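Chains, contacts and geometry: an overview
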Amino acid sequence: MAAAARVFAEGGLVAFPTETVYGLGADATNPAAIARLYQAKGRPAFNPLIAHVGDLKAARRIARFDAPAEALAEAFWPGPLTLVLPKAPGCAVADLATAGLDTVAIRIPAHPVAREILRAFGGPVVAPSANLSGHVSPTTAAHVQSDLAGRIDLIVDGGAVEVGVESTIVGCFDEPMLLRPGGLARAEIERVLGRALKQPPADATGDSGQPLAPGMLASHYAPRARVRLNATSLKAGEALLAFGLGAISGIDGASTVMNLSERGDVDEAAANLFGYLRALDAKGAHTIAVMPIPQHGLGEAINDRLRRAAVGRE
Ligand code: TXA
Ligand code: MG
């Protein structure tokens, strides 16, 4: 962790665990380091990054918090929530990391290794998920290694992550708005706010204009295999990504079966999702048929990622 802080100070790139997914970090104030980060991921530079900080004091130096943002930070940080807020005057996060927007995405992660690295480094660290752009996010150090070996300076191995999908992103530059479903369930956020989250305009997730959460490109989080959603029967040779213990016809012809959660638990399914997609790819599946996943709790984030994985492949 001390080595990670040194590498950041020298402008290098470090992959490290957070409770949601592994992040690929760089010094948020160093444009050259951020340019390397975009290049290592093969990520378009118009796609802004999340600044990770160790505490609220550091967050307030970067962004302005309105009352709903204060309430959410108080309730859920450290944790799997990212807030998109107006930049504070003198915000030290490089323009390259915010893609020239006047807002900035911030998160205080809960993972003890991430927290220790941020403490040791002392400044904000921008970190997208530590995968090649467009690929599924890494939930183990081995996933990071298989995508980014040779392209980055250091990987800190903290074992498998706990949550398994990326943070929930809420915009607080207007009425609180759900920009990306993720590891913190919508219902928990709405309970603290005492009202429903606004939905972003429909074109916010398209590829025209200036999208509100530009990373939400329609096709993202993609495994190599085709993904077929809401499968209620299986075609011969398909791999099955199951959920719960419900019966599905045609299962005898499955090339492989992996079950996201036999007991039908959406939290467990979220933790397994990206690793299982990678495992099915590794087994050479040509099509992954996915059983219906309920929309409650983290099911909203799971279904969001699966829809993006299926785009253009059905
Ligand atoms: O759980 C996570 O959030 C992980 C870990 C490493 O913290 N990080 C992550 O980062 O998922 P990334 O870069 O894969 O996703 C960041 C998302 C993108 O969709 C990006 O467009 C959006 O945040 N974003 C960043 N800054 C924004 C801003 N100012 N306005 C709107 N969206 C923003
Ligand atoms: Mg990502």
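Notes on the structure follow. (Residues numbered from 1 in each chain as written. Chains lettered and ligands numbered in written order. Predicted model: local features only at pLDDT ≥ 70, side-chain atom pairs only at ≥ 80, totals over all residues. Heavy atoms only, no water.)

A closer look at the packing of aromatic side chains
For the coordinates displayed, the defined rule picks out 2 aromatic pairs. Their ring planes at 80° and their centres at 6.1 Å tell us that Phe 65 and Trp 77 sit as a pair that is edge-to-face. In this pair, Phe 65 is assigned in the loop between α3 (56-62) and α4 (67-76) and Trp 77 in the loop between α4 and β4 (81-86), connecting sequence segments 12 residues apart. Of the residues examined, Phe 65 reaches a relative accessible area of 15% and is grouped as buried. Residue class for Trp 77 comes out buried when judged on its relative accessible area of 10%. (Phe/Tyr/Trp six-rings, centres within 6.5 Å; stacked < 30°, edge-to-face > 60°. Helix = DSSP H or I, 4+ residues; strand = E, 2+ residues; numbered from the N terminus. Buried < 20%, exposed > 50% of the residue type's maximum accessible area, 1.4 Å probe, protein only.)

Description of the environment of Gly 264
Relative to the helices and strands, Gly 264 resides in the loop between β12 (256-259) and α9 (266-282). Overall, Gly 264 belongs to the partly exposed group, its relative accessible area being 30%. Aside from chain neighbours lying at most four places away, what touches Gly 264 is Phe 243 and Gly 244. (Contact = heavy atoms within 4.5 Å.)

Looking at helix α1 (residues 2-9)
Every buried residue of α1 is listed here: Ala 4, Ala 5, Val 7 and Phe 8. Taken around the axis of α1, the buried residues stretch over an arc of 160°, which confines them to a single face. Exposed side of α1, more than 90 degrees from the buried face: Arg 6 and Ala 9 are the residues found there. (Arc of directions from axis to C-beta.)

Section: the environment of Ala 236
Looking at the secondary structure, you find Ala 236 in the loop between β10 (226-228) and β11 (239-242). Separated by 201 residues in sequence, Ala 236 and Ala 35 have C-alpha atoms that sit 46 Å apart.

Let's talk about the pattern of salt bridges
Scanning all chains against the criterion turns up 17 salt bridges. Here Lys 87 and Asp 95 are joined by a salt bridge, their closest N and O atoms 3.2 Å apart. Members of the salt-bridge network, linked through shared partners, are Glu 166, Asp 304, Arg 305 and Arg 308. (Salt bridge = Lys/Arg side-chain N within 4 Å of Asp/Glu carboxyl O.)

Considerations on the pairing of strand β2 (residues 22-27)
Burial analysis of β2 places 6 of its 6 residues in the buried class, which makes it a mostly covered element. Sheet topology places strand β1 (residues 14-17) next to β2; 4 bridges connect them, and they run antiparallel. When the sheet's bridge partners are listed, Phe 16 is paired in β2 with Gly 23. In this structure, the hairpin formed by β1 and β2 is closed by a connection of 4 residues. Relative to strand β6 (residues 125-126), β2 runs antiparallel, the two sharing 2 bridges. The partner of Asp 27 across the bridge, within β6, is Val 125. (Pairing = 2+ DSSP bridges.)

Re the sheet that holds β4
To summarise the sheet geometry, strands pair through backbone hydrogen bonds and adopt either a parallel or an antiparallel arrangement. One open sheet holds the 9 strands; their spatial order is β7-β1-β2-β6-β3-β5-β4-β8-β9, and the pairing between them is mixed. The sheet is open, and its two borders are formed by β7 (154-155) and β9 (177-180), each paired with just one other strand. Set on the sheet, helix α6 (residues 112-121) makes contact with β1, β2, β3 (50-52) and β6; between it and β1 the angle comes to about 135°. (Axes fitted to C-alpha atoms, helices over the stretch in contact; angles between N-to-C directions.)

A few points about helix α2 (residues 31-41)
For an α-helix the count is 3.6 residues per turn, leaving residues at separations of three or four pointing the same way. Inspection of α2 places Ala 33, Ile 34, Leu 37, Tyr 38, Ala 40 and Lys 41 among the buried residues, and these make up the whole buried set. Down the axis of α2, the smallest arc covering the buried residues is 165°, so these residues share one side. Opposite the buried face of α2, by more than 90 degrees, sit the exposed residues Ala 32 and Gln 39. The elements touched by buried residues of α2 are β2, α5 (95-98), β6 and α7 (141-148). With a side-chain oxygen positioned 3.0 Å from the backbone nitrogen of Ala 32, the residue opening α2 is Asn 30. (Polar contact = N/O pair within 3.5 Å; in protein donor to acceptor, adjacent residues only side chain to side chain.)

Looking at the pairing of β1
Two faces belong to every sheet, and in a regular strand the side chains alternate between them. Because side chains alternate across β1, one face comprises the buried residues Val 14 and Phe 16, and the other comprises Ala 15 and Pro 17, equally buried. Sheet topology places β1 next to β7; 2 bridges connect them, and they run parallel. Of the residues in β7, the one forming a bridge with Val 14 is Leu 154.

Some details on the side chain of Thr 20
Structurally, the position occupied by Thr 20 is in the loop between β1 and β2. For Thr 20, a relative accessible area of 3% translates into the label buried. Polar side-chain contacts of Thr 20 include one of 2.9 Å to the side chain of Thr 18.

Considerations on the sheet that holds β11
As summarised here, the arrangement of the 4 strands in space is β10-β13-β11-β12, forming an open sheet in which the pairing is parallel. Two strands lie at the open edges of the sheet, namely β10 and β12, each paired on one side alone. When strand polarity is set aside, the average angle formed by the axes of neighbouring strands in this sheet is 20°. Here β11 runs beside strand β13 (residues 287-290); their pairing, made up of 3 bridges, is parallel. When the sheet's bridge partners are listed, Ala 239 is paired in β13 with Ile 288.

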